[in-house]
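Results of the structural survey
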Amino acid sequence: MDDIQKHMLAERALAAGRRCVASRFAGAAFVFVTGSLIRGEGTAFSDIDLVVVFPTLERAWRESFTEDGFPVEAFVHDPQTLAHYIHQDADSGYPIMGNMVATGSILGPDIERARLIQANVAGMLAAGPKPLAGENYDMLRYQVTDLVDDLRGTRPPEEVAAIAALLYQKLADLILLGRGAWTGRGKWAPRLMRKLDAQLAAEFDVAFRLATAGDGARFLALADRELASHGGRYFEGFKQDAPLEARRLE
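The present account deals with the structure reproduced in this document. Computed from a prediction, not measured in an experiment: that's the story for all the values here.

1. Digging into helix α4 (residues 111–127)
In a regular helix each residue adds 1.5 Å, so 17 residues correspond to 24 Å; α4 covers 24 Å between its end C-alpha atoms and thus fits that length. Looking only at α4, the buried set comprises Ala-114, Ile-117, Gln-118, Val-121, Met-124 and Leu-125. Down the axis, α4 shows its buried residues gathered within 120 degrees of arc, on one side only. In α4, the exposed positions angled more than 90 degrees off the buried face are occupied by Glu-112, Leu-116, Asn-120, Ala-126 and Ala-127.

2. Some words on the packing of aromatic side chains
On inspection of all chains with the given rule, the structure shows 9 aromatic pairs. Note on Tyr-142 and Phe-238: the rings are 3.9 Å apart at their centroids and 10 degrees apart in plane angle, and the pair reads as stacked. Note that Tyr-142 is positioned in helix α5 (residues 134–152) and Phe-238 in the segment after α9 (217–228), a separation of 96 residues in sequence. Between the NZ or CZ atom of Arg-24 and the centre of the ring of Phe-65, over which it lies, the distance is 3.7 Å. Over the ring of Tyr-94 we find Arg-185; its NZ or CZ atom is 3.7 Å from the centre of that ring.

3. Side note on the pattern of salt bridges
The final tally for this structure, using the stated rule, is 16 salt bridges. One salt bridge in this structure joins Arg-62 and Glu-73, with 2.4 Å as the shortest N-O distance. Taken together, the positions of Arg-62 in strand β3 (residues 61–67) and Glu-73 in strand β4 (residues 70–77) put the pair 11 residues apart, joining distant regions of the chain. In this structure Arg-62 comes out as exposed when scored by relative accessible area, which is 53%.

4. Considerations on the sheet that holds β3
Taken in spatial order, the 5 strands make up an open sheet running β3-β4-β2-β1-β5, and their pairing is mixed. The open sheet has two free edges, formed respectively by β3 and β5 (105–107), since each of these has just one partner strand. Each adjacent strand pair in this sheet contributes to an overall mean axis angle of 25 degrees, direction not counted. Taken together, the 6 bridges between strand β2 (residues 48–53) and β4 define a ladder with parallel strand orientation. Following the sheet pairing, Val-52 is matched in β4 by Val-76.

5. With respect to the nonpolar core
Val-144, Leu-167, Leu-171, Met-193, Phe-204 and Phe-219 are the most contacted members of the largest nonpolar core, which has 30 residues in total. Sorting the residues of this core by element identifies α5, α6 (157–177), α7 (188–196), α8 (198–212) and α9 as the ones contributing at least two each. Top contributing element to this core by residue count: α6, with 10 residues. Setting aside residues no more than four positions away along its own chain, Phe-219 makes contact with Leu-151, Ala-164, Leu-167, Tyr-168, Leu-171, Phe-204, Ala-207, Phe-208 and Ala-211.

6. Thoughts on the layout of surface pockets
Within this model, the largest pocket holds a volume of roughly 1000 Å³. Considering the residues around the largest pocket, the lining is formed by 34 residues, among which Pro-95, Ile-96, Asn-99, Met-100 and Trp-188 are closest to the centre. Contributions of two or more residues to the lining of the largest pocket are made by β4, α2 (79–92), α3 (96–102) and α7. Looking at the lining of the largest pocket, the element that brings in the most residues is α7, giving 5 residues. Estimates place the volume of the second largest pocket at around 560 Å³. Lining the second largest pocket we find 25 residues, and of these Glu-135, Asn-136, Tyr-137, Met-139 and Leu-140 sit closest to its centre. Breaking the lining of the second largest pocket down by element, the ones donating at least two residues are α2, α5 and α6. If one sorts the elements of the lining of the second largest pocket by residue count, α5 sits on top with 7 residues. A breakdown of the residues in the lining of the second largest pocket according to their chemical character gives 11 nonpolar, 5 polar and 9 charged.

Calculation notes
- Residues numbered from 1 in each chain as written.
- Predicted model: local features only at pLDDT ≥ 70, side-chain atom pairs only at ≥ 80, totals over all residues.
- Heavy atoms only, no water.
- Helix = DSSP H or I, 4+ residues; strand = E, 2+ residues; numbered from the N terminus.
- Expected span 1.5 Å × (residues − 1).
- Buried < 20%, exposed > 50% of the residue type's maximum accessible area, 1.4 Å probe, protein only.
- Arc of directions from axis to C-beta.
- Phe/Tyr/Trp six-rings, centres within 6.5 Å; stacked < 30°, edge-to-face > 60°.
- Lys NZ or Arg CZ within 6 Å of the ring centre and 35° of its normal.
- Salt bridge = Lys/Arg side-chain N within 4 Å of Asp/Glu carboxyl O.
- Pairing = 2+ DSSP bridges.
- Axes fitted to C-alpha atoms, helices over the stretch in contact; angles between N-to-C directions.
- Core = buried A, V, L, I, M, F, W, Y, C linked by side-chain atoms within 4.5 Å.
- Contact = heavy atoms within 4.5 Å.
- 1 Å grid on protein atoms, 1.4 Å probe; cavity = no way out; pocket = protein on both sides within 12 Å on 5 of 7 lines; lining within 4 Å.
- Points joined across faces, edges and corners; volume = space filled by probe spheres on them.
- Nonpolar A, V, L, I, M, F, W, Y, C, P; charged D, E, K, R; others polar.

Here it is, written out as structure tokens:
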């Protein structure tokens, strides 16, 4: 798909977004229409994301439907529920809602408020995630250590591939968050690694591909190197308390 086709697809997607707002979300204060299609980066199978904001709601919700052949995911909020999910995602290191808001095209009557929210979110994203520390950091290091140790033994190729698949996201999180960069799930993890360090991303990709083919040596070496920058393997001394309510009467 060339640039002209992508532009035309983006225009169609934005028009479909406008129709969704008019037909399904009348009364919304503003809407962020976003996603790879709107950015001119989509494929024929990409969806449209709508962040729909009403003045007030009893509760937020999300729903999925099709408009003009486009799959659409709508995240419906009021300003307070939107703020909750933006900050919850940011605290996790995965600023999913924030990215949708920051990159969205704005529709609706209260454009000035939408622009203010968008500017505040853009500032939050530019500041980066909070430093890795505390229980979440300990858990991430422990999980990477556990999976890396599983790679050390001699295993059938299919087991190496399965371990590597589980390790991919955890190791990507440690690499990105450990360097003060936001992380992402699925397709976003390799994109964000390329943006952070193209050479490291290429090394990660090659090592992972080899691991999925049954040779985990390079992926293991890369993970050991990353763990070393965080104090090495983390097993001895790890402790996680269960919730107090984790019990059931017999």
